[in-house]
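Structure at a glance
Residue-level listing of the chains:
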Amino acid sequence: MDRIRDAFQASHKLLVPFVVAGDPDYARSLHIATAILDAGADMLEIGFPYSDPLADGPVIQAAAVRSLKQGTRLVDCLRLVRDVRARSSKPLVAFTYVNPLIQYGAERFFSELAAAGGDGVIVPDVPLEEAGEVASAAEAHGIQFIPLVAPTSGEERVRAIVQAARGFVYCVSSLGVTGERQQVSRQVRELVDLVRKHTDLPACVGFGVSQPEHVREISEFADGVIVGSAYVRRIGDALREGRDPVDAVRSFTEQLKQAARESTHPR
Ligand SMILES: O=P(O)(O)OC[C@@H](O)[C@@H](O)c1c[nH]c2ccccc12
């Protein structure tokens with residue numbers, strides 16, 4: 001069974017939200033993740049909170065702090081994957097920085113992620129030199145290693161990166177850290193075209209996507225859109241304002257999914 005491949009065969013305009021495991025606590029995090037998938041998201045990126053999230057902007061950093069304050073550990077994140085899997089058959093991608101993964105042990109991590117029903121992994125800060133080792137440990141347990149390519153990655157580096165890719169390729173739309181942007185750089189279309197020159201795998205775009213218009217635009221040329229900070233901010237805002245974060249993420253998902261449907265993706 002290849003849930004990621006099946007998802008892309010069912011649609012070329014995937015909506016892939018990202019949320020932080022254990023944010024704001026375990027029970028509500030499970031409820032939020034399940035609500036997002038039930039509201040129409042095609043896949044879910046589950047972020048394993050880390051104390052030193054270098055690639056994250058303030059919104060996701062704050063969510064990691066909320067979760068870590070609850071005592072969330074890597075084993076709880078794996079349990080969350082298992083609990084979401086019990087409620088949804090859609091693809092689940094673990095998102096972790098390389099340090100917690102190495103400290104836990106790559107073999108142990110991927111074995112337990114697979115047993116929990118996970119499908120893929122994204123490790124944004126794994127150096128290309130170590131990526132092979134992590135990718136093969138993942139592969140050994142049937143977990144698909146999803147690499148990131150950036151606007152600064154030249155053709156040679158893109159070609160090398162996508163060789164190790166499984167599942168899909170994550171095209172980062174802009175430099176800098178994660179965070180909502182008013183405009184998503186049009187440059188990312190060239191990056192998607194470059195990826196398509198070197199692999200038949202689907203190409204998804206992330207970083208900065210915050211509005212339905214962005215999703216409509218990107219879904220014209222990419223196979224999926226990843227949305228993180230816009231979700232995580234809505235969770236934080238709802239908590240601060242005493243509203244139910246589940247309602248906030250449910251309606252946002254419905255809006256973004258509708259926008260993806262409206263795009264005139266040729267495939
Ligand atoms: O938050 P944004 O701007 O919507 O970007 C997606 C991002 O949240 C998610 O894919 C992610 C969270 N942390 C990361 C660190 C590096 C790359 C990607 C990520």
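Above this note sits the structure.
Every value quoted in this text rests on a predicted model; they were computed, and no experiment measured them.

Each value, and the rule that gives it
Residues numbered from 1 in each chain as written. Predicted model: local features only at pLDDT ≥ 70, side-chain atom pairs only at ≥ 80, totals over all residues. Heavy atoms only, no water. Helix = DSSP H or I, 4+ residues; strand = E, 2+ residues; numbered from the N terminus. Buried < 20%, exposed > 50% of the residue type's maximum accessible area, 1.4 Å probe, protein only. Phe/Tyr/Trp six-rings, centres within 6.5 Å; stacked < 30°, edge-to-face > 60°. Lys NZ or Arg CZ within 6 Å of the ring centre and 35° of its normal. Near = heavy atom within 4 Å. Polar contact = N/O pair within 3.5 Å; in protein donor to acceptor, adjacent residues only side chain to side chain. Areas by Shrake-Rupley, 256 points an atom, 1.4 Å probe, with all protein chains shown as cover. 1 Å grid on protein atoms, 1.4 Å probe; cavity = no way out; pocket = protein on both sides within 12 Å on 5 of 7 lines; lining within 4 Å. Sits in = over half its atoms within 2 Å of the grid points. Nonpolar A, V, L, I, M, F, W, Y, C, P; charged D, E, K, R; others polar. Pairing = 2+ DSSP bridges.

1. Here's the deal with unusual backbone geometry
Following Asp23, the chain continues into Pro24 via a peptide bond in cis, with omega recorded as 0°. Positive phi, close to 100°, is recorded for Phe207, a residue that is not glycine. Relative to the assigned elements, Phe207 resides in the loop between strand S8 (203-206) and helix H10 (212-218). Residue class for Phe207 comes out buried when judged on its relative accessible area of 11%.

2. Examining the packing of aromatic side chains
Throughout the structure, instances matching the rule amount to seven aromatic pairs. Centre to centre, the rings of Tyr231 and Phe252 are 4.9 Å apart; their planes meet at 65°, and the pair counts as edge-to-face. Of this pair, Tyr231 sits in helix H11 (residues 229-240) while Phe252 sits in helix H12 (residues 245-262), and the two are 21 residues apart along the sequence. Its relative accessible area of 1% is what places Phe252 among the buried residues. By way of ring pairs, the aromatic residues Phe18, Tyr50, Phe95 and Tyr97 are connected into one cluster. Residue placement shows Arg108 over the ring face of Tyr104; its charged tip is 3.8 Å from the ring centre.

3. Considering the site of the ligand
Taken together, the neighbourhood of the ligand is formed by 18 residues, with Asp56, Tyr170, Gly208, Gly228 and Ser229 sitting nearest. The contact in question runs from an oxygen atom of the ligand to an N or O atom on the side chain of Glu45, over 3.0 Å. Within the backbone of Gly179, an N or O atom sits 2.9 Å from an oxygen atom of the ligand. Isolated, the ligand exposes 440 Å² of accessible area, and the fraction of that covered by the protein chains is 99%. Judged by its atoms lying within 2 Å of the grid points, the ligand is housed in the largest pocket. Per-class residue counts for the shell around the ligand are eleven nonpolar, five polar and two charged.

4. Section: the sheet that holds strand S2 (residues 44-47)
Picture the strands of a sheet paired through backbone hydrogen bonds; they go either parallel or antiparallel. Overall, parallel pairing links the nine strands, which are arranged S5-S4-S3-S2-S1-S9-S8-S7-S6 in an open sheet. Pairing within the sheet leaves two strands with one partner each, and these edge strands are strand S5 (144-145) and strand S6 (148-149). Of the pairings in the sheet, the one linking strand S4 (residues 120-122) to S5 comprises two bridges and is parallel in character. Each residue of the ladder has a partner; that of Val121, found in S5, is Phe145.

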